[in-house]
Amino acid sequence: MPAKAKVTKEMIIDAAFEIAKEMGAENITARTVSQKLCCSTQPVLYHFKTIEDVRIAAHKKASEFHINYVTNLSGKYERPMLEVGMRYIQFAVEEKNLFRFLYHSNYYTGVSLSDWLTGKNFDSLFPILKRQAKVDERQAYSIFSQIVLVTHGIASLLANNAMVYDEAYCVNTLSNAYFGIMYLVKERGLL
């Protein structure tokens, strides 16, 4: 008789991630994870003390997936930062459940906006923005934080079905925000 396949911690995280992606994070339970893995709930509760620990691990995986998605640039748009913004918005359209899991849950509670923007999530984008905009570190942070707020607002509305995705509208809105902020930084010395 062949030995039963061993359920690993990584398999549990992957299953929870898939559940969050397909059905929403609120459906991550010991039962749904074990059903996804075709096993009993015992391995899930063996590797994790609580189902909340499984959700936290799945959230981390979703965050990594999101960053890879957003920063996988193809050159589709004329400016790299515009493409980053559009990929952020497209993620909200294509992966509504993951977007809501990432940003409409309490997993970022206690993290300041400044820490979130300058953390490992976006650190690879600052050199791109500095080169594109020809600005220093402080100016890049100001520009980036303003653009993120506009971009995130659009993405949140789309992820919650509050508006219909219109690529041209999104490109125009992000471009207006970028050039408006650039004007304030370079011409007026503000921010």
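Analysis parameters
- Residues numbered from 1 in each chain as written.
- Predicted model: local features only at pLDDT ≥ 70, side-chain atom pairs only at ≥ 80, totals over all residues.
- Heavy atoms only, no water.
- Helix = DSSP H or I, 4+ residues; strand = E, 2+ residues; numbered from the N terminus.
- Buried < 20%, exposed > 50% of the residue type's maximum accessible area, 1.4 Å probe, protein only.
- Contact = heavy atoms within 4.5 Å.
- Areas by Shrake-Rupley, 256 points an atom, 1.4 Å probe, with all protein chains shown as cover.
- Lys, Arg positive; Asp, Glu negative; His and termini not counted.
- Charge placed at Lys NZ, Arg CZ, Asp CG, Glu CD.
- Salt bridge = Lys/Arg side-chain N within 4 Å of Asp/Glu carboxyl O.
- Core = buried A, V, L, I, M, F, W, Y, C linked by side-chain atoms within 4.5 Å.
- Phe/Tyr/Trp six-rings, centres within 6.5 Å; stacked < 30°, edge-to-face > 60°.
- Expected span 1.5 Å × (residues − 1).
- pLDDT = per-residue confidence, 0-100.

A. Layout of the overall build of the protein. Regarding its fold elements, the protein presents ten helices and zero strands. Helices and strands appear in the protein in the N-to-C order α-α-α-α-α-α-α-α-α-α. For the protein, the spread of C-alpha atoms along the principal axes amounts to about 75 × 30 × 30 Å. Within the span of the protein, comprising 191 residues, buried residues form 44% of the whole. Across the protein, contacts joining residues at least 24 apart in sequence account for 62% of those joining residues at least 6 apart. For the protein, the exposed surface amounts to about 10500 Å²; the carbon and sulfur share of it is 55%. Charge-centre separation for the protein: the mean point of 22 positive side chains lies 3 Å from the mean point of 19 negative side chains.

B. A look at the pattern of salt bridges. Under the criterion given, the structure shown has eight salt bridges. Here Glu64 ties to Lys60 by a salt bridge, and the two come within 3.6 Å at their closest N and O atoms. On the criterion of helical spacing, the pair formed by Glu64 and Lys60 is a turn pair, its members being four residues apart in helix H4 (residues 51–71). In this structure Glu64 comes out as partly exposed when scored by relative accessible area, which is 38%. Across the pair Lys76 and Glu167 runs a salt bridge, and its minimum N-O distance is 3.3 Å. Of this pair, Lys76 sits in the loop between H4 and helix H5 (80–94) while Glu167 sits in helix H10 (residues 167–186), and the two are 91 residues apart along the sequence.

C. Local environment of the nonpolar core. Counting residues in hydrophobic clusters, the biggest one holds 60 residues, and the most contacted among them are Ile28, Val33, Ile143 and Phe144. Among the elements that make up this core, the one with the highest residue count is helix H9 (residues 137–159) (nine residues). If near-sequence neighbours (up to four positions away) are discounted, Val33 is found in contact with Ile12, Ala15, Ala16, Ile19, Ile28 and Val44.

D. Expanded view of the packing of aromatic side chains. For the structure on display, the rule yields eight aromatic pairs. Each ring, one from Phe101 and one from Tyr107, has its centre 5.7 Å from the other, and the planes form 85°; the classification is edge-to-face. A residue is classified by how much of its surface remains accessible, and Phe101, at 3% relative accessible area, is buried. Owing to a relative accessible area of 24%, Tyr107 belongs among the partly exposed residues under this scheme.

E. Structural view of the environment of Ile89. Tracing the chain through its elements places Ile89 in helix H5. Judged by its relative accessible area of 0%, Ile89 is buried. Along the backbone, Ile89 and Gly189 are 100 residues apart, and their C-alpha atoms lie at a distance of 29 Å. Residues contacting Ile89, with those up to four places away along its chain left out, are Thr151, Ile154, Ala155, Leu158, Tyr165, Cys170 and Leu174.

F. Spatial organisation of helix H1 (residues 9–23). The end-to-end C-alpha distance of H1, which contains 15 residues, comes to 21 Å, matching closely the 21 Å that a straight helix rising 1.5 Å per residue would cover. Considered for burial, the residues of H1 that qualify are Ile12, Ile13, Ala15, Ala16, Phe17, Ile19 and Ala20. Residues of H1 that are buried in the fold lie against helix H2 (30–37), helix H3 (42–47), H4 and helix H6 (96–103). A positive phi of about 100° marks Gly24, the residue just after H1.

G. Region of interest: the confidence of the model for the protein. Averaged over every residue, the pLDDT of the protein is 90; residues scoring 70 or more account for 95%. The element-level mean pLDDT for the protein is lowest in helix H7 (residues 113–118), coming to 75, with H1 highest at 98.

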